[in-house]
Structure formats: C-alpha cells, structure tokens
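Analysis of the macromolecular model
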Amino acid sequence: MLITAILVLAAGTYAIRLSGVVLRDRLELSEPIQRMLPMSAAALLAALAGTAALMAGSEFAGFARPAGVLAGGLLAWRKAPFVVVVLAAAAVTALLRLAGVE
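Worth saying up front: this structure is predicted, and the values here are computed from it rather than measured. (Residues numbered from 1 in each chain as written. Predicted model: local features only at pLDDT ≥ 70, side-chain atom pairs only at ≥ 80, totals over all residues. Heavy atoms only, no water.)

1. Looking at the packing of aromatic side chains
Think of a pair of aromatic rings as described by two things: how far the centres are apart, and how the planes are tilted against each other in angle. The condition that has to hold: Each aromatic pair joins two rings of Phe, Tyr and Trp (for Trp, the six-membered one) with centres within 6.5 Å, and gets the label stacked for planes under 30 degrees apart, edge-to-face for over 60, and tilted for any other angle. Residue exposure (1.4 Å probe, protein chains only): buried if accessible area is under 20% of the type maximum, exposed if over 50%, otherwise partly exposed. Counted as over-ring charges are cases with an Arg CZ or a Lys NZ within 6 Å of the ring centre that also lie within 35 degrees of the ring normal.
In total, this model carries one aromatic pair according to the counting rule given. With a centroid separation of 5.3 Å and 70° between ring planes, the pair formed by F60 and F63 is classed as edge-to-face. Given a relative accessible area of 60%, F63 falls into the exposed group. Its end group placed over the ring of W77, R78 keeps NZ or CZ at 6.0 Å from the ring centre.

Below, the structure written as structure tokens:
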C-alpha cells in the first residue's frame, strides 16, 4: 500500500513538472501576471517561514523561538556569516528557554 502511494505521488509530481515544459509555448501570461509571479513566490516563502517561526503544531510556539528567529534575521540582514546566524539564533532561543521564557 505504501509503495503504491509513493508511486502515485511520484507519477503525479512528474506529470505536473512535464506539463510545464509541454504547455510553455501554448500558455501566454499577461505582463502584470508575469511581474507578480516572483513576488508571489517570495510571499509564499515568507508565509511559510512565519508559520514555522511562530507555531508549534497548532499552538503558539512561545516567545523564545520567535526571538531566536528575529536575532538570526537581524544578523542575516547585517550580512553575518551563515554559521554565526544559526548559532546566534539557537543561542538566543536556548538562553531564553533556560531563563524560563517559553
């Protein structure tokens, strides 16, 4: 049963990707839609990151995780090295949780 589900999902994914190649010349997008597509991808990524930063399952993750994400975001904005960003975000989250902030 599991193998069947995996094969069906793989075939569906392949069909969706193949349809983009096959329909590329048949589908004409208007200029406003072409300008909005990159912005919509960024908005979707931001929404996904926001949900992951604020939620744990279906509940609020507490204040420690968003504070760590904020610290990492600030360091990334200031162009700190990736390792420093990740370690600082983890350290802020861990220290806040150690202090009892959930």
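2. Description of unusual backbone geometry
The cut-off we apply is this: Going along the chain from the N terminus, every DSSP run of H or I of four or more residues is numbered as a helix, and every run of E of two or more is numbered as a strand.
In this structure, K79 takes a positive phi of about 65° despite not being glycine. The topology assignment puts K79 in the loop between α3 (64-77) and α4 (82-98).

3. Quick notes on α4
Worth spelling out the cut-off: Helix span, as expected, comes to 1.5 Å for every residue beyond the first. Summarising the geometry, the arc corresponds to the directions from the helix axis toward the C-beta atoms. We call two residues in contact when some of their heavy atoms are within 4.5 Å.
Across its 17 residues, α4 extends 24 Å between first and last C-alpha, which sits within 8% of the 24 Å expected from 1.5 Å per residue. Looking only at α4, the buried set comprises V85, A89 and T93. End-on, the buried residues of α4 take up no more than an arc of 55°, which puts them together on one face. What points out from α4, more than 90 degrees from its buried face, is the exposed set V83, L87, L95 and L98. Taken together, the buried residues of α4 touch α3. G100, located one to two residues past α4, shows a positive phi value of around 100°.

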